[in-house]
Amino acid sequence: MTLAGTASGARPDWTIRPSVEDDWQAYRALRFEMLEDAALAFLETLEAARLHPDEHWRRRTDGTSTTTRLFAAVAPGGTWLGSMGGHQAAGTRDPYLVGVYVTPRYRGRAAGVTDALLDAVIEWAQGRGDRLLLDVHEHNPAAIRYYERRGFVFTGRTQPYPLDRSTREREMALAL
């Protein structure tokens, strides 16, 4: 699956595609950026991420898993502009949207990157369950607005945010 994007005018500025193991360095760079930019949205600190060996990053981008898929928005030079993944844990009914991030310059409806990444994950999730689920931090209103615009609704399920148990993650679902 490869989807061309037009972030500005008619020239293609990015492509959406599934990750492959050779993407590990580009993904690692984006992961460090996402943890610096939006630490509240992820279940890991930048300090912890910097300690992972190269093999960790290779596993994260390896495209051979049947239960997890990572999609990337990639600029012509190979730089990752964003990523989103789908994950379905063994024995669960519905898959989850995970690891959502787009670099600030490519955010927003006009850029189209976020929507194209989500479309790729939704396509991956089709036939894996009845809903695509996600957990969003209660203090992330921009993400909540985006997910609501795309048709996600709150399920009523919450859980403590692992890095600050005084705050909550709220589950949202999109019918597939």
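Predicted model only: the values in this text are computed from it and were never measured.

Moving on: the overall build of the protein chain. For the protein chain, the helix and strand inventory stands at 5 helices and 8 strands. Along the protein chain, from the amino end to the carboxyl end, the secondary structure elements read β-β-α-α-α-β-β-β-α-β-α-β-β. Whereas a compact globule of 176 residues would reach a radius of gyration of roughly 16 Å, the protein chain reaches 16 Å, a difference of no more than 12%. The principal-axis extent of the C-alpha atoms belonging to the protein chain is close to 40 × 35 × 30 Å.

In this section: the packing of aromatic side chains. All told, the structure shown has 6 aromatic pairs when counted by the stated rule. Arranged with centres 5.8 Å apart and planes meeting at 55°, the rings of Tyr27 and Trp57 form a pair that is tilted. Residue Tyr27 is found in helix α1 (residues 24-37), and its partner Trp57 is found in helix α3 (residues 54-61); the two are separated by 30 residues along the sequence. By relative accessible area, which is 3% here, Tyr27 ends up buried. Classification of Trp57 as buried rests on a relative accessible area of 0%. The ring centre of Phe32 lies 4.9 Å from the NZ or CZ of Arg50, which sits over that ring. If you follow Arg170 out to its NZ or CZ, it ends over the ring of Phe154, 3.6 Å from the centre.

Here the focus is α3. Turning to α3, its buried residues are His56, Trp57 and Thr61. Looking straight down α3, one finds its buried side chains confined to an arc of 125°; they lie on one side. Contacts from the buried residues of α3 go to α1, α2 (46-50), β3 (68-74) and β4 (80-87).

Let us now look at the pairing of β3. Of all the 7 residues making up β3, 6 are buried; the element is thus mostly covered by neighbouring parts of the structure. Of the strand pairs in this sheet, strand β2 (residues 14-18) and β3 are connected by 4 bridges, and their pairing is antiparallel. Residue Ile16 lies in a different strand from β3, and its bridge partner there is Ala73. In this structure, β3 lies alongside β4, joined through 7 bridges in antiparallel fashion. By the bridge assignment, Arg69 is partnered in β4 with Gly86. Taken together, β3 and the strand that follows it, β4, pair antiparallel across an intervening segment of 5 residues, in which Gly78 is found at a positive phi of about 100°.

This part covers helix α4 (residues 113-125). Between its first and last C-alpha atoms α4 spans 18 Å; for 13 residues at 1.5 Å apiece the expected length is 18 Å, and the two agree. Within α4 the residues assigned to the buried category are Val113, Thr114, Asp115, Ala116, Leu117, Leu118, Ala120, Val121, Ile122, Trp124 and Ala125. Backbone geometry just downstream of α4 places Gly127 in the positive-phi region, at approximately 85°.

Turning next to the environment of Asp23. Within the secondary structure layout, Asp23 lies in the loop between β2 and α1. Separated by 40 residues in sequence, Asp23 and Gly63 have C-alpha atoms that sit 9.9 Å apart.

This part covers the pattern of salt bridges. Proximity of charged atoms lets side chains of opposite charge pair with each other. Tallied over the full model, the rule gives 13 salt bridges. For Asp54, the salt bridge identified is with Arg28, shortest N-O distance 3.3 Å. With Asp54 in helix α3 and Arg28 in helix α1, this pair connects stretches of sequence that are 26 residues apart. Judged by relative accessible area, Arg28 falls into the partly exposed class, the value being 23%.

With that settled, consider the side chain of Asp23. When its relative accessible area of 9% is taken as the criterion, Asp23 is described as buried. Dropping the residues within four chain positions of it, Asp23 is found in contact with Arg17, Pro18, Thr61 and Trp80.

Analysis parameters
- Residues numbered from 1 in each chain as written.
- Predicted model: local features only at pLDDT ≥ 70, side-chain atom pairs only at ≥ 80, totals over all residues.
- Heavy atoms only, no water.
- Helix = DSSP H or I, 4+ residues; strand = E, 2+ residues; numbered from the N terminus.
- Rg over C-alpha atoms; globule rule 2.2 N^0.38 Å.
- Phe/Tyr/Trp six-rings, centres within 6.5 Å; stacked < 30°, edge-to-face > 60°.
- Buried < 20%, exposed > 50% of the residue type's maximum accessible area, 1.4 Å probe, protein only.
- Lys NZ or Arg CZ within 6 Å of the ring centre and 35° of its normal.
- Arc of directions from axis to C-beta.
- Contact = heavy atoms within 4.5 Å.
- Pairing = 2+ DSSP bridges.
- Expected span 1.5 Å × (residues − 1).
- Salt bridge = Lys/Arg side-chain N within 4 Å of Asp/Glu carboxyl O.

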